[in-house]
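Breakdown of the fold
The lines below spell out each chain.
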Amino acid sequence: MTQNIFSDVRARVIAALGTIVPDLPPEVAARVEVSPTKDAAHGDMATNAAMVAAKPAKMKPTEIAAKLVAALADDADIESAAAAGPGFVNLRLRAGSWRGLLPGILQAGEAFGASDAGQGVRVNIEYVSANPTGPLHIGHCRGAVVGDALANLMTKAGFRVTKEYYINDAGNQITALCWATYWRYLQAVGTTMTEEEYSNEVPGGLQYRGEYLIPVAEALVAAHGDGLASEHKGIAAPEVWLEIVRELALAMMMASVREDLAVLGVVQDVYSSERELVGRKVTDSTIERLREQGLIYEGILEPPKGKTPEDWEPREQTLFRATQFGDDVDRPLRKSDGSATYFANDIAYHADKIGRGADILIDVLGADHGGYVKRMTSAVKALGGHLDVLLCQIVHVLKDGQPLRMSKRAGTFVTLRDLLDEVGPDAVRFTMLTRKSDAQMEFDINQAVAQTRENPVFYVQYAHARCRSVLRAADEMFGAGQLAAAEGAALESLEDEAELALIRRLASWPRTVEAAALAREPHRIAFFLYDVASDFHMLWNKGRENAALRFLQPERTAESLARVALVAATAVVLRSGLAVMGVRPVEEMR
RNA sequence: GCACCCGUAGCUCAAUUGGAUAGAGCACCAGACUACGAAUCUGGGGGUUGGAGGUUCGAGUCCUUCCGGGUGCGCCA
């Protein structure tokens, strides 16, 4: 038996199938699945082997199923096999085979569930990548959690993962940030200008008016006094101050972003700067490379149908042939002043990631970037790479039943830090993973902190705390070291249906990790842990009604140790799963 | 107008990626504490999976079309 009993049994099914269909094509074997049954009445697991093999074998599915049943009947771990429905083969494993998995779980500890499914493929996951123009807000939070959990998940599944943040520090937004910072600086040195007057002098107007720039201004004063202002404490020539302000504002904004992320438990491996990339002329060389492939041309785009912008005029641009790779239109790479578009720099950035050694690129983006997906996947395809994009849909935050609208103007702007202060990082992370990332979600602050079953964070934590409680009691009852004894304990006494159901659940953890990693769906871990917790609470309560099922019984050491093994294995799986989600397990609920 | 995401119980969401009778929680009704932690558990009602076609052994899942919600749509990032 390996750690993953499902892949183990699958191998036996394929072997058996091979004796029935001698020339079984490998691609057919690859489609054979062994999965848990939805309905316990069907047994423990079911396989579609007979159905997928029917066509190439030119046999009826039911006929193959009948032969599979006969072939598998000899297997020592299989108690019964039965053909069902259109050609399923339902399998029931011996209780002893299930129980026999517990020592392996305890031995593996939190590493249980790890696999080599990823085969060491190098994956670069880029997430958050918020413009460093202000504090992170709730809109960034979901992507941060999803990206981070996905990184943990794929690492556990045997991928080699790099976690990366792309700093968009090269565009007009940053110049706007500099002007906004400079306004705070002028205020700090005592300018007589009004905000209105200042805004009129700023190209594009004053954009970022939040107070979070005041500390930057104070740092500027500390370092330069009023030397960055004009004689009358007005606006000096940008050559005097712009680059100085840019350096400091960027550094301090990024420091605050990283601090907020750290509170959330997110620490990335690589922080890549767009400015640095542009400085290295990577954009130019990447465009040149695409030009050599004949993918760049000068042309004029059609205006969008229906809603044509007011100031539309046909214009010749440098275009990338995105349509050759599945995009709807070709995309511009240069602005009219000759500088690179954001897209052009981003192509260069993705080329850079590939160049640093990534077999698969993953971008975790916000829903407002949906229109960006096709062009970026097209570009990466042109570069010979592979890009998956995860779109995280909007999160609506609810408090006391009322939606918190995200509005900077109305002053109801919710920062990530605010949310973390109110809910705590563990609840934030778990709750963010209780929805598929491409579906919109409601984040109910009251529910996230509730100490009831309707809060999955609590429910799972409570199950773990209960496990620990039992293990602490076992320590007292049987003395320290009972765990070592439990690993070798006689497990035959674990025969109640609720106990076996829990074991089967724990045994499907490796399969869950693998499937979730391949599907890039970290939310499945949250649902799995909820199911483990549910199975465990159910078993606990059964012991309440039937004393014979209680975990610890002083006068029955063998039975107790067997159950201690089960409880310890449950705690192991819960911790293993929480680690993937980046949530800390708790020892007790206080 | 076009593209992408979504539409599942009254509400919030799952559904092992095309599998068997679509499942949880909340809410509603009825039950279980002389406790290894009742912050939990047991049972019950509740569905034309937005509508209509199609693909096949089999569709919530894939295709077409329509309806509804969200996001975006040449020198913003």
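Residues numbered from 1 in each chain as written. Chains lettered and ligands numbered in written order. Predicted model: local features only at pLDDT ≥ 70, side-chain atom pairs only at ≥ 80, totals over all residues. Heavy atoms only, no water.

1. Focus: the packing of aromatic side chains
Heads up, the condition is: Pairing of aromatic rings covers Phe, Tyr and Trp, the last counted by its six-membered ring, and requires centre-to-centre distances within 6.5 Å; plane angles under 30 degrees mean stacked, over 60 mean edge-to-face, and any other angle means tilted. A run of H or I in DSSP becomes a helix once it reaches four residues, and a run of E becomes a strand once it reaches two; helices and strands are each numbered from the N terminus. Only protein chains enter the area calculation, which uses a 1.4 Å probe; residues under 20% of their type maximum are buried, those over 50% are exposed, and those in between are partly exposed. For a lysine, the NZ atom is tested; for an arginine, the CZ atom; a charge sits over a ring if that atom is within 6 Å of the ring centre and within 35 degrees of the ring normal.
What the rule picks out here adds up to 17 aromatic pairs. Between Y166 and Y349, the aromatic rings sit 3.9 Å apart at their centres with planes inclined by 5°, giving stacked as the arrangement. Here Y349 lies in helix α14 (residues 342–355) and Y166 lies in strand β6 (residues 160–167), a separation of 183 residues in the sequence. Take Y166 and Y349: they sit in the same class, and that class is buried. Summarising the aromatic geometry, the rings of F536 and W540 are spaced 6.0 Å apart at their centres and angled 65° between planes, so their arrangement reads as edge-to-face. Placement of both F536 and W540 in helix α23 (residues 523–545) is noted, with a separation of 4 residues, approximately one turn of the helix. Overall, F536 belongs to the buried group, its relative accessible area being 0%. Counting every residue linked through ring pairs, the aromatic cluster contains W179, Y182, W183, Y185, Y198 and W241. Note that R375 overlies the ring of F343, its terminal NZ or CZ placed 5.9 Å from the centroid.

2. Regarding the protein's contact with RNA strand B
Note the cut-off: Whether a residue is near a molecule or strand depends on its heavy atoms: it is near if one of them lies within 4 Å of it. Here a polar contact is recorded for every N or O atom pair within 3.5 Å, except that within protein the pair must consist of a potential hydrogen donor and a potential acceptor, and residues adjacent in sequence are included only if both atoms are side-chain atoms. Gly counts as polar in this scheme, as do all residues outside two lists: the nonpolar Ala, Val, Leu, Ile, Met, Phe, Trp, Tyr, Cys and Pro, and the charged Asp, Glu, Lys and Arg.
In the vicinity of RNA strand B there are 71 residues, among which K38, K335, S336, Y459 and R544 approach most closely. If you look at RNA strand B and keep only atoms within 4 Å of the protein, 58% of those are sugar or phosphate atoms. Between S469 and RNA strand B, the recorded distance is 2.3 Å, taken from a side-chain N or O atom to a phosphate oxygen. A distance of 2.5 Å separates a base oxygen of RNA strand B from a polar atom in the side chain of R524. A per-element tally of the surface near RNA strand B places α23 first, with 9 residues. Within the surface near RNA strand B, the residues separate by chemical class into 25 nonpolar, 21 polar and 25 charged.

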